[in-house]
Every structure is written in C-alpha cells, then in structure tokens.
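Per-entry structural report
Chain by chain, the residues run as shown.
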Amino acid sequence: MFKRVVVGNDGSDNAVQAIETAAEIAKADNAELIVAHVWHLPATAYIGAPYAPLDLSRQMDETKKSANDRAGSVLERIGIEGRLVELEGNPADAIIGLADDEEADLIVVGSRGLGAVERFVLGSTSERIVRHAACPVLVVR
Ligand SMILES: Nc1ncnc2c1ncn2[C@@H]1O[C@H](COP(=O)(O)OP(=O)(O)O)[C@@H](O)[C@H]1O
Ligand SMILES: [Mg+2]
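Residues numbered from 1 in each chain as written. Chains lettered and ligands numbered in written order. Predicted model: local features only at pLDDT ≥ 70, side-chain atom pairs only at ≥ 80, totals over all residues. Heavy atoms only, no water.

Thoughts on helix H1 (residues 13-29)
An ideal rise of 1.5 Å per residue puts 24 Å on 17 residues; H1 measures up with 24 Å between its terminal C-alpha atoms. What H1 keeps buried is the set Asn14, Ala15, Val16, Ala18, Ile19, Ala22, Ala23, Ile25 and Ala26. The inward-facing, buried residues of H1 abut strand S1 (4-8), strand S2 (32-39), helix H3 (53-78), strand S4 (106-110) and strand S5 (137-140). Of the residues one or two after H1, asparagine 30 is the one with positive phi, at around 55 degrees. (Helix = DSSP H or I, 4+ residues; strand = E, 2+ residues; numbered from the N terminus. Expected span 1.5 Å × (residues − 1). Buried < 20%, exposed > 50% of the residue type's maximum accessible area, 1.4 Å probe, protein only. Contact = heavy atoms within 4.5 Å.)

Below you can see the structure in the form of structure tokens.
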C-alpha cells in the first residue's frame, strides 16, 4: 500500500516505537524507509544561555549519534534496510519538507518526544506534522 515511508527520530523512546511501527509497515509493503533526525538548537540557546560553540557542536554530534544508533538497532532487529537522513531546522517543517521532496506517502511519528510533558496529548512536533503534512500521518502511542 505504501511506497515510501518517512519516520521522525529524535532518539526518544517514543520515536523508537514509531520507528518499529514504520519498519514493520515498510517491510510488509516492500516500501522504502527513511529515518529522519532533525537537529535543532535547544530553546535555551535562542534566549542567550551561555553555550560555548564547542559544547553545542559536541552536543549535536552526541544527539545525532545516539538517535541514529537507536534507529540502527531497530532496523537490524526487524530486518530492513533504511536510509538515515540528518536535517537541521524546525523538526516538523524539516520532516514535512523531506516527505514532500521524497514524495513519501506516509509519515510516522511518536506522540511524544524528548520534551515529554505529561499534560500534553501530543508533542508540538507531531501536532504540527499532523496539521500540515500533505500525506497521511501515523502517530504512534
Ligand atoms: N528533532 C526531531 N527529529 C526527528 N523527529 C522528531 C524530532 N522531534 C520530534 N520528532 C518526532 O515527533 C515525535 C513527537 O515528538 P514531539 O512532538 O517533539 O514531542 P515532545 O513535545 O514531547 O518533545 C517524536 O517521537 C519523533 O517521532
Ligand atoms: Mg520534542
């Protein structure tokens, strides 16, 4: 049914669940799987918190590596090849843009991410993707 699936990976437990679901769907449909990690500056950096450039670049490397490592082990366990893509910017906009560029026919995200706050039903990234994506979106809880 699906030909190309994009899944958002911020390295959180919920994103890992989303990757598992996306991988199972892609495997069953013989679809291409793209796992996207979007680097974005921590909000505190915008308001002038004293991040040294070196700290930021190390934090970026560590965040990317841990997210990609988690994705890699899911794909290996499920037995499917996936393309790991790294982007920068607003996570929702970057994922929607990627899905458009790649002509993806499904976006999969977790309902929560790294910034999980219990009182919210949906995280801001997944909510923005549900609202603005051009293709179907599956939110994994
Ligand atoms: N930086 C990111 N890169 C890739 N995917 C992301 C990113 N941030 C969030 N996502 C996707 O969106 C889902 C929900 O996260 P989010 O909406 O940011 O929730 P929260 O507000 O709890 O952090 C994640 O499980 C992941 O699938
Ligand atoms: Mg988040």
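Digging into the site of ligand 1
Lining the immediate surroundings of ligand 1 are 23 residues, of which Gly8, Val38, Arg112, Gly115 and Thr125 lie closest. Contact between ligand 1 and valine 38: a nitrogen atom at 2.8 Å from a main-chain N or O atom of the residue. Taking serine 126, its main chain carries an N or O atom lying 2.9 Å from an oxygen atom of ligand 1. Grouping the constituent residues of the shell around ligand 1 by class yields eight nonpolar, 13 polar and two charged. (Near = heavy atom within 4 Å. Polar contact = N/O pair within 3.5 Å; in protein donor to acceptor, adjacent residues only side chain to side chain. Nonpolar A, V, L, I, M, F, W, Y, C, P; charged D, E, K, R; others polar.)

Brief notes about the nonpolar core
Grouped together as the largest cluster of nonpolar side chains are 21 residues, with contacts concentrated most on Val5, Val7, Leu33 and Val108. Sorting the residues of this core by element identifies S1, H1, S2, H3 and S4 as the ones contributing at least two each. The element that contributes the greatest number of residues to this core is H1, accounting for seven residues. Residues within four places of valine 108 in sequence aside, it is in contact with Val5, Val6, Val7, Gly8, Ala18, Ala22, Leu138 and Val140. Residues Ala104, Ile107, Val109 and Ala133 belong to the second largest nonpolar core, which totals 17 residues. (Core = buried A, V, L, I, M, F, W, Y, C linked by side-chain atoms within 4.5 Å.)

Here's the deal with the sheet that holds S4
Here five strands make up an open sheet; going across it, the order is S3-S2-S1-S4-S5 and the pairing parallel. What marks the edges here is a single partner per strand, and that holds for strand S3 (83-88) and S5. Recorded for the sheet is a direction-independent mean angle of 25 degrees between the axes of neighbouring strands. Judged from the six bridges that link them, S2 and S3 form a sheet pairing that is parallel. Directly across from alanine 36, in S3, lies its bridge partner valine 85. Here H3 sits on the sheet in contact with S2 and S3, set at roughly 160 degrees to S2. Running over the sheet, helix H5 (residues 124-132) touches S4 and S5 and is turned about 155 degrees from S4. (Pairing = 2+ DSSP bridges. Axes fitted to C-alpha atoms, helices over the stretch in contact; angles between N-to-C directions.)

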